[in-house]
Amino acid sequence: MQAVFLDEGTFSEGIDLPAPIGVSDYITYNDTPKDTAVIIERCKDADIIITNKVQIGAEVIEQLPKLKLIQLTATGMNNVEQEACDKHDVALFNVAGYAVKSVPEHTFMLMLNAMRAGIHYHQKVADGTWLANGNFCLLDIPLIDLEDKTLGIIGIGTIGKRVTEIARAFGMTVLWAEHQGRAPRSDDYTAFDDVLAQADVLSLHCPLTEQTEHLINKDTLAKMTKQPLIVNVARGGIVDSQALTDAINSEQILGYASDVFEQEPIAADDPLLTIANHPRVIFSPHNAWGSKSAQETLWVMLSKQVADFIDSHH
């Protein structure tokens, strides 16, 4: 079978990405433009498309009669039109569970940096401000401990559960948010609005769906009475960027620590860029998933899925 990998360049250099077993013809591209004609041309003989973030809509899928499988190198599936896959009998697989160490650790890297103004203080050491100040220590932005704080988690999958374990090791109280507008399914969950009201830190780990798009918006931000830090390692579209920016500027919330943005790379006119130098704002370029070991684990999992798929179609 022919497999085409459309954006191998989304992995780090030096990570070994051999063809899955059963793939006889393996073609890789470093990246692929957002151009339907180019995607169709590259995949016209493909049985299998492997991609991380290339958008594949119905107009592509219906032009590829040989296509049997789209294998994502990611967990989120919002860049492929799933209805078109069903209609044309194309299997759609994602990979989950490969970043259960990487994403939670990144979550706390972002959280701690925001709570302790890490980047702000690094710059004050590096640019001579501390030296000019003359004091043995510099404390112009308060350092906030995680211990005894309440962490609200939205999205309780393997990553949300690992974040829970780490948070408890820091001495935090953890609340799991039930879906918006629903009664808690068990004692382990707390009503969505109650979590918004009680959280000192709110961490987002849910997928981007119609229900979660702009879940963090002007109305939900208004319910956050404790002025929390918001951490987003989920998807940019879960947060309304303008509403979030306004909430930072009006001191309605403490800060924003995010790995994800509505457009990636971040759009030049994204309002979030206007708060980038705030001492409690820290951004990373959608790389929370990508520790070296997570990338290697991902490829092993993906290769097995593809090999099993090929095996079952022979």
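All of these numbers come straight from a predicted model, not from anything done at the bench.

Attention now goes to the environment of Lys-218. Inspection of the secondary structure puts Lys-218 in helix α9 (residues 218–222). It is 7.9 Å that separates the C-alpha atoms of Lys-218 and Asp-240, two residues lying 22 residues apart in sequence.

The subject of this paragraph is the pattern of salt bridges. Applying the stated rule across the entire model yields nine salt bridges. Between Arg-185 and Glu-178 there is a salt bridge, with its nearest N and O atoms 2.8 Å apart. Taking relative accessible area as the criterion, Glu-178 reaches 2% and is therefore assigned buried. Taking the shortest distance from any N to any O, the salt bridge between Lys-304 and Asp-308 comes out at 2.7 Å. Here Lys-304 pairs with Asp-308, and both are found in helix α11 (residues 292–312), just four residues apart, close to one helical turn. Using a relative accessible area of 53% as the deciding quantity, one classes Lys-304 as exposed. What makes Asp-308 partly exposed here is its relative accessible area of 40%.

Mapped onto the elements of the fold, Met-115 is located in helix α4 (residues 102–115). Residue classification places Met-115 among the buried positions, given a relative accessible area of 1%.

Strand order in this open sheet of seven strands is β8-β7-β6-β9-β10-β11-β12, and the pairing throughout is parallel. Lying at the two open borders of the sheet, with one neighbouring strand each, are β8 (189–190) and β12 (281–283). Docked against the sheet, α4 engages β6 (150–154), β9 (201–204), β10 (229–232), β11 (255–258) and β12, running at close to 155° with respect to β10.

Residues of β11 alternate between two faces, with Gly-255 and Ala-257 on one and Tyr-256 and Ser-258 on the opposite face, all of them buried. Here β10 runs beside β11; their pairing, made up of four bridges, is parallel. Residue pairing for β11: Ile-230 is matched across the bridge by Tyr-256. Considered for its hand, the β-α-β crossover made up of β10, helix α10 (residues 241–249) and β11 is right-handed. Where β11 lies against β12, three bridges are found, and the strand directions are parallel. Considered in β12, the bridge of Ser-258 is made with Phe-283.

Packing of α4 against helix α7 (residues 158–169) brings their axes to within 9 Å, and their N-to-C directions diverge by 50°. By the angle class used here, α4 and α7 are oblique. For α4 against α7, the interelement crossing comes out right-handed. Along its contact with α4, which presents Val-103, Pro-104, Thr-107 and Phe-108, the element α7 presents Ile-159, Arg-162, Val-163, Ile-166 and Ala-167.

What follows deals with the packing of aromatic side chains. Taken as a whole and assessed by the stated rule, the structure comprises ten aromatic pairs. On the basis of an interplanar angle of 85° and a centroid distance of 6.1 Å, the ring pair of Phe-5 and Phe-11 is categorised as edge-to-face. Each member of the pair, Phe-5 together with Phe-11, is buried. Put simply, the rings of Phe-5, Phe-11, Tyr-98, Trp-289 and Trp-299 touch in pairs and so form one group of aromatic residues. Just above the ring of Tyr-29 sits the side chain of Arg-42; from NZ or CZ to the centre is 3.9 Å.

Moving on: unusual backbone geometry. Excluding glycine, residues mostly carry a negative phi; peptide bonds, for their part, are mostly trans. A cis amide bond links Glu-264 to the next residue, Pro-265, at an omega of 0°. Following the sequence through the fold, Pro-265 ends up in the loop between β11 and β12. If you check the backbone angles, Glu-251 has positive phi at about 60° while not being a glycine. Using a relative accessible area of 60% as the deciding quantity, one classes Glu-251 as exposed. The backbone of His-286 sits at a positive phi, close to 50°, despite the residue not being glycine. Classification of His-286 by relative accessible area gives buried; the value is 16%.

Criteria and thresholds
- Residues numbered from 1 in each chain as written.
- Predicted model: local features only at pLDDT ≥ 70, side-chain atom pairs only at ≥ 80, totals over all residues.
- Heavy atoms only, no water.
- Helix = DSSP H or I, 4+ residues; strand = E, 2+ residues; numbered from the N terminus.
- Salt bridge = Lys/Arg side-chain N within 4 Å of Asp/Glu carboxyl O.
- Buried < 20%, exposed > 50% of the residue type's maximum accessible area, 1.4 Å probe, protein only.
- Pairing = 2+ DSSP bridges.
- Contact = heavy atoms within 4.5 Å.
- Axes fitted to C-alpha atoms, helices over the stretch in contact; angles between N-to-C directions.
- Right-handed = clockwise from strand over helix to strand, strands pointing away.
- Parallel < 35°, antiparallel > 145°, perpendicular 65-115°, else oblique.
- Left-handed = near helix turned anticlockwise from the far one by under 90°.
- Phe/Tyr/Trp six-rings, centres within 6.5 Å; stacked < 30°, edge-to-face > 60°.
- Lys NZ or Arg CZ within 6 Å of the ring centre and 35° of its normal.

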